[in-house]
Amino acid sequence: MCFTSNLINHTQVVMNKTNAPTAATTVGRVTATCPANTILLGGGARTTPASVGDFKPIASFPTFNNSAHDFGLKAAADGEINPDSWTAVGWANGTNSTNETYAYAICSGSGINISGVTVKVRYSEASGPTTGSTGKKVTVNCPSADGKLISGGAAISGGSVTTTDFTGPGSGGDHLNGSFPSDASGNPVSDGTTTAAYWTAFTHTGGMSSPSTYSEAWALCADDGV
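Just so it is clear, the model here is predicted, and its values are computed rather than measured. (Residues numbered from 1 in each chain as written. Predicted model: local features only at pLDDT ≥ 70, side-chain atom pairs only at ≥ 80, totals over all residues. Heavy atoms only, no water.)

Participant: Give a detailed account of the overall build of the chain, specifying residues and quantitative values.
Facilitator: A count of helices and strands for the chain gives zero helices and 12 strands. Reading the chain from its N terminus to its C terminus gives the helix and strand order β-β-β-β-β-β-β-β-β-β-β-β. In terms of C-alpha radius of gyration, the chain reaches 17 Å, essentially the compact-globule figure of 17 Å for 226 residues. A principal-axis box enclosing the C-alpha atoms of the chain has dimensions of 50 × 35 × 30 Å. The long-range share in the chain, meaning contacts at least 24 apart out of those at least 6 apart in sequence, stands at 78%. By element, 48% of the accessible surface of the chain is carried by carbon and sulfur atoms, the whole surface being about 9,600 Å². Charged side chains in the chain number 10 positive and 15 negative. The centres of these two groups are separated by 3 Å. (Helix = DSSP H or I, 4+ residues; strand = E, 2+ residues; numbered from the N terminus. Rg over C-alpha atoms; globule rule 2.2 N^0.38 Å. Contact = heavy atoms within 4.5 Å. Areas by Shrake-Rupley, 256 points an atom, 1.4 Å probe, with all protein chains shown as cover. Lys, Arg positive; Asp, Glu negative; His and termini not counted. Charge placed at Lys NZ, Arg CZ, Asp CG, Glu CD.)

Participant: Would you mind going over the state of the cysteines in detail, with residue names and values included?
Facilitator: Note: disulfide means a covalent bond formed between the sulfur atoms of two cysteine side chains. Scanning the entire structure with this criterion turns up two disulfides. A sulfur-sulfur distance of 2.1 Å marks the disulfide that ties C34 to C107. Given an S-S torsion of about -90°, the disulfide between C34 and C107 has left-handed geometry. Highlighted residues: C34 in the loop between strand 2 (28-33) and strand 3 (40-48) and C107 in strand 6 (residues 100-108), separated in sequence by 73 residues. Of the two residues, C34 and C107, both sit in the buried class. Shown here is the disulfide that connects C142 with C221, its sulfur atoms set 2.0 Å apart. On the S-S bond that ties C142 to C221, the torsion sits near -90°, and the link is left-handed. (Disulfide = S-S within 2.5 Å. Buried < 20%, exposed > 50% of the residue type's maximum accessible area, 1.4 Å probe, protein only.)

Participant: Describe the pattern of salt bridges, listing the residues and the values that go with them.
Facilitator: Opposite charge on two side chains permits pairing when their charged atoms draw close. Applying the stated rule across the entire model yields four salt bridges. The residue D146 makes a salt bridge to K120 at a minimum N-O spacing of 3.6 Å. Taken together, the positions of D146 in the loop between strand 8 (135-141) and strand 9 (148-157) and K120 in strand 7 (residues 118-127) put the pair 26 residues apart, joining distant regions of the chain. R122 is the salt-bridge partner of D146, the closest N and O atoms lying 2.7 Å from each other. (Salt bridge = Lys/Arg side-chain N within 4 Å of Asp/Glu carboxyl O.)

Participant: Which residues make up the packing of aromatic side chains, and what values do they have?
Facilitator: Following the criterion strictly, the structure yields four aromatic pairs and no others. Taking 5.9 Å as the distance between ring centres and 20° as the angle between the ring planes, the aromatic pair formed by F61 and F166 counts as stacked. Here F61, found in strand 4 (residues 56-63), pairs with F166, found in the loop between strand 9 and strand 10 (175-182); they are 105 residues apart in sequence, far enough to count as distant. Accessibility assignment for this pair places F61 and F166 in one class, buried. Their ring planes at 40° and their centres at 5.2 Å tell us that Y123 and W218 sit as a pair that is tilted. Taken together, the positions of Y123 in strand 7 and W218 in strand 12 (residues 214-223) put the pair 95 residues apart, joining distant regions of the chain. Taken together, F61, Y123, F166 and W218 form an aromatic cluster joined through their ring pairs. (Phe/Tyr/Trp six-rings, centres within 6.5 Å; stacked < 30°, edge-to-face > 60°.)

Participant: Lay out the sheet that holds strand 9 in plain terms, naming residues and giving numbers.
Facilitator: Overall, antiparallel pairing links the six strands, which are arranged 2-5-4-9-12-7 in an open sheet. In this open sheet, the two strands that pair with only one neighbour each are strand 2 and strand 7. On average, each strand axis in the sheet is tilted by 25° relative to the strand beside it, whichever way the strands run. When strand 9 meets strand 12, the two strands line up antiparallel, connected through nine bridges. Counterpart to A155 in the pairing with strand 12 is E216. (Pairing = 2+ DSSP bridges. Axes fitted to C-alpha atoms, helices over the stretch in contact; angles between N-to-C directions.)

This is how it looks when you write it as structure tokens:
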């Protein structure tokens, strides 16, 4: 996502990583936090090594580095203002001692007065997918009153991720297949689109049922105050 702002004219990236998960169907959770006096603009997730075929990111979302959000283990909820951190979650169907999960936070650059900036979180959660070899889409939007869409996040989980610490979905083979700007129907926008206002998560089960599984999408909506 590329954006134009009269105030935020440069950015910086913060990365954090953890040696997890190393056991099957356990979550590897890690959070990257923006420096003081900056604003979170987006984030991302990565898992290594690529040679472990069943190891993948299942969540990438905005959060806060405070006790109310268990220092990134609980996600930002709908309507919350100015999250300062980004959490990534790795998930595997097997055991590997070298698995690492990375979180990236994209933050405003240093030396910018961000006192007038508001970044509002929009969030939606839906039940599913729970049937083997099926998918689920969840779409959330930035109302015009909230400002412009600048980024988003997505997850497949055990549910209630804004009120409890993040837990994994019902099957080790579950996947987060997509996290992208979209139209209201969840279709990806084309290259060069300047009016995107929606973010969609696309999740998928493996070849077996996945009980008590949920899908989540987040949109970050920004008003730079200028």
